[in-house]
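# Tertiary structure, described
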Amino acid sequence: MLFCGIAEAHAQRLAVKSNLLYDATTTVNLALEAGFSARWSVDLSGNLNPWTFSGNRKVKHWLVQPEIRRWNCEAFNRGFWGVHLLGGQYNAGGFRVPLLPTLRHTRYQGWMVGGGISYGYHWYLGAHWNLEATVGLGYIYTRYDRFECYRCGRVTGRDEHHGYWGPTRIGISVVYLFNHNNFCRHEEILSFARFAVRLLRRRFRNAPGPVPRGHSDDMASGSTWTATIRCGWSSSS
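Residues numbered from 1 in each chain as written. Predicted model: local features only at pLDDT ≥ 70, side-chain atom pairs only at ≥ 80, totals over all residues. Heavy atoms only, no water.

Of the pairings in the sheet, the one linking strand E6 (residues 78-93) to strand E7 (residues 107-124) comprises 16 bridges and is antiparallel in character. If you follow Gly-88 over to E7, its bridge partner there is Met-112. Two strands pair when backbone bridges link them, and E7 and strand E8 (residues 129-147) are joined in this way by 18 bridges, in the antiparallel orientation. Counted as the bridge partner of Gly-116 is Gly-138 from E8. What sits between the antiparallel neighbours E7 and E8 is a turn of four residues. (Pairing = 2+ DSSP bridges. Helix = DSSP H or I, 4+ residues; strand = E, 2+ residues; numbered from the N terminus.)

Right, let's get into the pattern of salt bridges. All chains considered together, the criterion is met by 13 salt bridges. A salt bridge links Glu-132 to Lys-17; its shortest N-O distance comes to 2.8 Å. Of this pair, Glu-132 sits in strand E8 while Lys-17 is found in strand E1 (residues 14-19), placing the two residues 115 residues apart along the sequence. By relative accessible area, Glu-132 is classed as buried at 2%. Between Arg-146 and Glu-160 there is a salt bridge whose closest N-O contact spans 2.6 Å. Here Arg-146 is found in strand E8, whereas its partner Glu-160 is found in strand E9 (residues 155-178), with 14 residues between them in sequence. Overall, Arg-146 belongs to the partly exposed group, its relative accessible area being 25%. Connected via shared salt-bridge partners are Lys-17, Glu-33, Asp-43, Glu-67, Arg-69, Glu-132 and Arg-169. (Salt bridge = Lys/Arg side-chain N within 4 Å of Asp/Glu carboxyl O. Buried < 20%, exposed > 50% of the residue type's maximum accessible area, 1.4 Å probe, protein only.)

Written out as structure tokens, the structure is:
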């Protein structure tokens with residue numbers, strides 16, 4: 001009961017993060033994530049790109065993406081699976097995008113909604129810092145007006161719609177954690193400590209008598225002892 005209580009207490013954490021991939025596209029973004037149990041958390045991200053570039057090129061949009069996550073170990077540690085939704089508006093044209101070849105010479109203005117599933121992983125960087133990588137697949141439904149070119153305003157399509165299956169979430173994010181305590185990492189250390197104590201007890205229980213002068217002993221040299229610890233730890237982990 002005490003062990004479960006400690007795990008629950010450690011899961012109550014809050015994180016703030018920024019997606020470096022969105023930063024590279026000049027998109028302002030921020031995400032908040034809160035753990036509400038030992039292996040569950042909820043993430044909410046928001047993106048905004050209000051800029052217009054030379055030649056009236058733009059990828060103006062806003063996007064909100066909530067996600068619920070189930071962690072394999074504990075919240076904010078190692079791998080997780082997620083289910084997300086998304087919604088936003090856009091006004092884009094004049095850029096070369098591999099998945100949208102017509103965007104180079106056409107402007108689209110509309111809205112989108114969708115959702116999907118994702119997988120991600122957290123790497124421990126420091127006491128309060130993690131690195132997160134995530135990718136998601138799902139479905140997006142969008143309705144939009146299509147314009148003849150990205151510089152002009154003549155409408156060539158009104159209230160068109162399109163359904164899309166494919167990537168719906170991607171990110172490499174720097175994460176700052178408040179009140180962080182890596183519970184699973186502590187458990188690994190404790191597990192190794194327990195193994196070492198058991199090994200010491202077994203070793204000294206079966207220890208031989210004094211070693212005659214001029215003779216070497218594996219215990220005295222330490223080579224077998226070191227190998228035993230390494231092999232034991234490798235097999236247990």
